[in-house]
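Listed below are the residues making up each chain.
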Amino acid sequence: MAAVVLSFVLAGGLGLMLSSVAPVPSFSMPHFGNPFHEDPFAVADPAGGTWLDRSEPTRVDIDAVGVHAPLTALGLDYEGNFEVPKMWRPHEAGWFEAGPTPGEFGPTVLMGHVDTERSGPAVFFPLRDLEESDRIDVTREDGVIVAYEVTAIESFSKQRLPYEEVFGVEPEPALRLITCGGAFDRKAGDYTENLVVFASYTGKRDATAKDLDRPLNGRDHFR
Amino acid sequence: MRMPLPIRGMLAALTVSAALVLTAAAPANAAVTVTLSPTAGAVGTRVDVLASDCDQDATGDVENTDTSFKLPKNNNNAQGSFTVTDKMKPGSYTVTVTCGSDTASTKFTVTSGTGAATGGGSTASNAATAVLWTGAAAVLAAAAGLWLLKRRSNVTAA
């Protein structure tokens, strides 16, 4: 018993000695502006970069998980919910037309099905296998390919999709991919969560002949 | 009033140099641009609006609504915000900022606020069906066991 107490005392003394010798990291208080709202433009300068003008995206390529998909323009349905690609076109992904195009300042949002009603996995099923720093290429109508790097993959309840994060600005053009996740609610006929892939801008280049010849995954890919 | 020629020349030179200074001060691509954050949201969303290269106080309007707001000058830009009211039905709205004699606009989308219905459930139903079958198998096994036990107890009792 005495030995145990002694060892505790000694260990405590050792700890004190160590902490007095070793440099303790200094914690600086984070800066709080308005506690309820941060200024999204504090770090972002929309006019300060050599960002691109508007040009619609035509395809998305993610070599790491074998996604090669054509893009269709998406808006809202009559209830104000996000329009999604047609169920009978499982190979197709879409882009949120009201938002910025790739390479323009702001967040470009792509959406695609994880699966269909009958035929199994769909275009964005492989997103679950993405990892940080995986590369995403989006080709624009004007022949420019904008490259992004995955920075985070997160799941959110569909009732609490964080619009500020998904549709908010970052210091550079940004890309978000949205598909479904979580459990399937049979009654509602919908998944309970959205899987969101956050990606940041890494550069742009002109598409080469080789780029343009890359095959797209067609409908037959998802049978 | 007629001025002597040399003075007129000097004045002209001054004007030209003043014009040069002015053009140098304002970059050639100094068109006002409007950026929103976020670019979409539901009722209650606070939308920040930045008018880049607008070197004065500006005003903003949301098309087809009575929402207008001020963008006070902030360094080389003007910045303000508006909140999506419940009068704004889902859809696309043009946000226009007036900065002096310039105007610029961009679009904001009011949504229902939920996520995207990006799945039909066919891959999930496989898993759910598997769970169902496992459960059914467990129930069957239990029933069979009970029946066997009951039969054995009947035998020993006889």
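The rules behind these values
Residues numbered from 1 in each chain as written. Chains lettered and ligands numbered in written order. Predicted model: local features only at pLDDT ≥ 70, side-chain atom pairs only at ≥ 80, totals over all residues. Contact = placed C-beta atoms within 7 Å. Helix = DSSP H or I, 4+ residues; strand = E, 2+ residues; numbered from the N terminus. Nonpolar A, V, L, I, M, F, W, Y, C, P; charged D, E, K, R; others polar. pLDDT = per-residue confidence, 0-100. Pairing = 2+ DSSP bridges. Axes fitted to C-alpha atoms, helices over the stretch in contact; angles between N-to-C directions.

The name that an unreviewed UniProt entry assigns to chain B is LPXTG-motif cell wall anchor domain-containing protein, with the source organism given as Glycomyces lechevalierae.

The name recorded for chain A in an unreviewed UniProt entry is Class F sortase, from Glycomyces lechevalierae.

A. Broad picture of the interface of chain B and chain A. Contacts between chain B and chain A engage 35 residues on the former and 49 residues on the latter. At the level of secondary structure, the elements contributing two or more residues to the side of chain B that touches chain A comprise β1 (33–37), β2 (40–41), β3 (46–52), β8 (91–99), β9 (102–110) and α2 (122–157) of chain B. Ranked by residues supplied to the side of chain B that touches chain A, first place goes to α2 of chain B with 5 residues. Here the residues of the side of chain B that touches chain A sort into 9 nonpolar, 22 polar and 4 charged.

B. Inspection of the confidence of the model for chain B at higher detail. All names here are of chain B. When pLDDT is averaged across chain B, the result is 81; 74% of the residues are at 70 or more. Contacts from residues 16–29, a stretch scored under 50 in pLDDT, to residues over four places away or in other chains number 0 contacts. At the level of chain-chain contacts, confidence expressed as ipTM amounts to 0.76, with global pTM at 0.74.

C. Spatial organisation of the sheet that holds strand β4 (residues 107–111) of chain A. All names here are of chain A. An order of β1-β2-β3-β4-β7-β8-β6-β5 is seen for the 8 strands of this closed barrel, with the pairing classed as mixed. Between one strand and the next, the sheet's axes are offset by a mean angle of 35°, whatever the strand orientation. Where strand β6 (residues 144–157) and strand β8 (residues 190–206) come together, 13 bridges link them in antiparallel fashion. Along β8, the bridge assignment pairs Ala147 with Gly203.

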